[in-house]
Amino acid sequence: MNEKKLEKLITDGVITDLHLYDEVGSTNDMAREFAKNRIMKGDKSWVNELFIAELQSSGKGRMGRDWDSPAGTGIWMSLATRLKLSGDRMPGVTLLSALCVARVICSAALQMGIQNIDVKIKWPNDIVVNKKKICGILTELVSDPEGGGYVITGIGINTNTRYFPNDIVDKATSLFNESGVEWEREGLVAAIINMFSQYLKRYEMEQSLDFILQDYNSMLISLGEEVVIVDDGERREETYISRGIDNTGALLVEDSLGEVQRIISGEVSVRGILGYV
Ligand code: BTN
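Remember, predicted model here, so these are calculated numbers, not experimental data. (Residues numbered from 1 in each chain as written. Predicted model: local features only at pLDDT ≥ 70, side-chain atom pairs only at ≥ 80, totals over all residues. Heavy atoms only, no water.)

Colleague: Would you explain the environment of V228 in this entry?
Modeller: Tracing the chain through its elements places V228 in strand β8 (residues 226-231). Taking C-alpha positions, V228 is 6.2 Å from G272, a pair spaced 44 residues apart along the chain. (Helix = DSSP H or I, 4+ residues; strand = E, 2+ residues; numbered from the N terminus.)

This is how it looks when you write it as structure tokens:
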């Protein structure tokens, strides 16, 4: 990734420090170590520190899965931000980042004149293009015993990747594979970070997702449709209708009796009745 180009595109003052690596284990681990060190030193100043790698040798996904992060073709980045949010507001950060990624991909596609891509969010934080996953987000919290802490937002975007391992080829794709053209990674990174930083500030101030509710729900896959809930690998027998998120980031689902339940992100996954999406 071109550092000069990135620095030019990222809005002044949004990032306190940019760390670019050829290879790391996981950018989330780098960001977490950074946060822990700051906490140990008692440093409480605001930071927005960005870690980006060309290749991750042990990229991490949600629920203990691996995240395939080949060299030079994707965006593998983690943002460490010092935030004043109560613990129950943390899942909201993940939803904010998902919306930023989805919106940035839509705007970039528009600018590039690409029409054949349908960008959606699969709650809570997968970005899906043409019904296959192109982006996953792993959010981690490093708490400061003296209050507050750091939220680490790890974003992986299959950008110009052409080939996927056999076990994920049916459900994973890249922006290149869906559009047939190369996407400039620096432009995407900068636009996501610029937008996400603004959204984080607003969320910290308002402590509510009200300001993105409509937009997030308009991009949500399966809204108003039948979904199944998988708790810790076990699929519930009952099916539900997805009614979109509330202002805490929980997904509202309605059962056959018209009762609405709040699903909190974590070990639960929600799928359309036909499979991954
Ligand atoms: C998922 O969908 O399971 C989440 C995947 C998150 C991958 C990103 S890539 C950058 C950052 N570093 C990691 O090790 N994981 C996240």
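Colleague: For this particular structure, what's the right way to read the environment of E140?
Modeller: Secondary-structure assignment places E140 in strand β6 (residues 132-143). The exposure class of E140 is buried, given its relative accessible area of 18%. As for E140 and A190, which are separated by 50 residues in sequence, their C-alpha atoms are 21 Å apart. With near-sequence residues (within four places) excluded, E140 lies in contact with N28, R32, K60, Y150, V151 and I152. Among the polar contacts listed, one links the side chain of E140 to the side chain of K60, at a separation of 3.3 Å. (Buried < 20%, exposed > 50% of the residue type's maximum accessible area, 1.4 Å probe, protein only. Contact = heavy atoms within 4.5 Å. Polar contact = N/O pair within 3.5 Å; in protein donor to acceptor, adjacent residues only side chain to side chain.)

Colleague: What's the story with the side chain of R82 in this structure? I'm lost.
Modeller: In this fold, R82 is placed in strand β3 (residues 75-83). Reaching out from R82, the side chain makes a polar contact with the backbone oxygen of G147 at a distance of 3.3 Å. Not counting the four nearest positions on each side in its chain, R82 is found in contact with I39, D43, K44, S45, W46, V47, D144, G147, G149, Y150 and E204.

Colleague: Looking at this structure, how should I read the site of the ligand?
Modeller: Neighbouring the ligand are 20 residues, the closest being S26, Q56, K60, R62 and K133. In this structure, Q56 approaches the ligand through a side-chain N or O atom, which is 2.9 Å from a nitrogen atom. In this structure, an oxygen atom belonging to the ligand sits 2.7 Å away from a main-chain N or O atom of K60. Burial of the ligand by the protein amounts to 98% of the accessible area it has alone, namely 420 Å². Listing elements by their share of the shell around the ligand, those giving two or more residues are α2 (27-41), β3, β6 and β7 (149-157). No other element matches β6, which puts 4 residues into the shell around the ligand. (Near = heavy atom within 4 Å. Areas by Shrake-Rupley, 256 points an atom, 1.4 Å probe, with all protein chains shown as cover.)

Colleague: Explain the sheet that holds β7 to me, please; I cannot follow it from the model alone.
Modeller: To summarise the sheet geometry, strands pair through backbone hydrogen bonds and adopt either a parallel or an antiparallel arrangement. In space, the 7 strands of this open sheet follow the order β1-β2-β3-β7-β6-β5-β4, with mixed pairing throughout. Only two strands of the sheet have a single neighbouring strand rather than two, namely β1 (17-24) and β4 (119-122). For this sheet the average axis-to-axis angle between neighbouring strands, irrespective of direction, equals 20°. Across 9 bridges, β6 lies against β7 in antiparallel orientation. Opposite I137, over in β7, you have I155 as the bridge partner. Packing of α2 onto the sheet brings it into contact with β1, β2 (48-56), β3, β6 and β7, and relative to β7 it is tilted by some 170°. Lying on the sheet, helix α5 (residues 185-206) is in contact with β2, β3 and β7; it crosses β3 at an angle near 20°. (Pairing = 2+ DSSP bridges. Axes fitted to C-alpha atoms, helices over the stretch in contact; angles between N-to-C directions.)

Colleague: Could you clarify how one ought to interpret α5 in this entry?
Modeller: An α-helical turn contains 3.6 residues, so any two residues separated by three or four positions project in the same direction. With 22 residues, α5 should reach 32 Å at 1.5 Å per residue; the first-to-last C-alpha distance of 31 Å fits that figure. Two residues or fewer after α5 comes Q207, characterised by a positive phi angle close to 50°. (Expected span 1.5 Å × (residues − 1).)

Colleague: Teacher, can you tell me more about unusual backbone geometry here?
Modeller: A negative phi angle characterises most non-glycine residues, just as the trans form characterises most peptide bonds. At the junction of W123 and P124, the peptide bond is cis and its omega measures out at 0° in the coordinates. The residue P124 is located in the loop between β4 and β5 (126-129) in this model. The phi torsion at N130 lies on the positive side, around 50°, for a residue other than glycine. Assessed through its relative accessible area of 27%, N130 is described here as partly exposed. Unusually for a residue other than glycine, K131 sits at a positive phi of about 70°. Checked against the element boundaries, K131 lands in the loop between β5 and β6.

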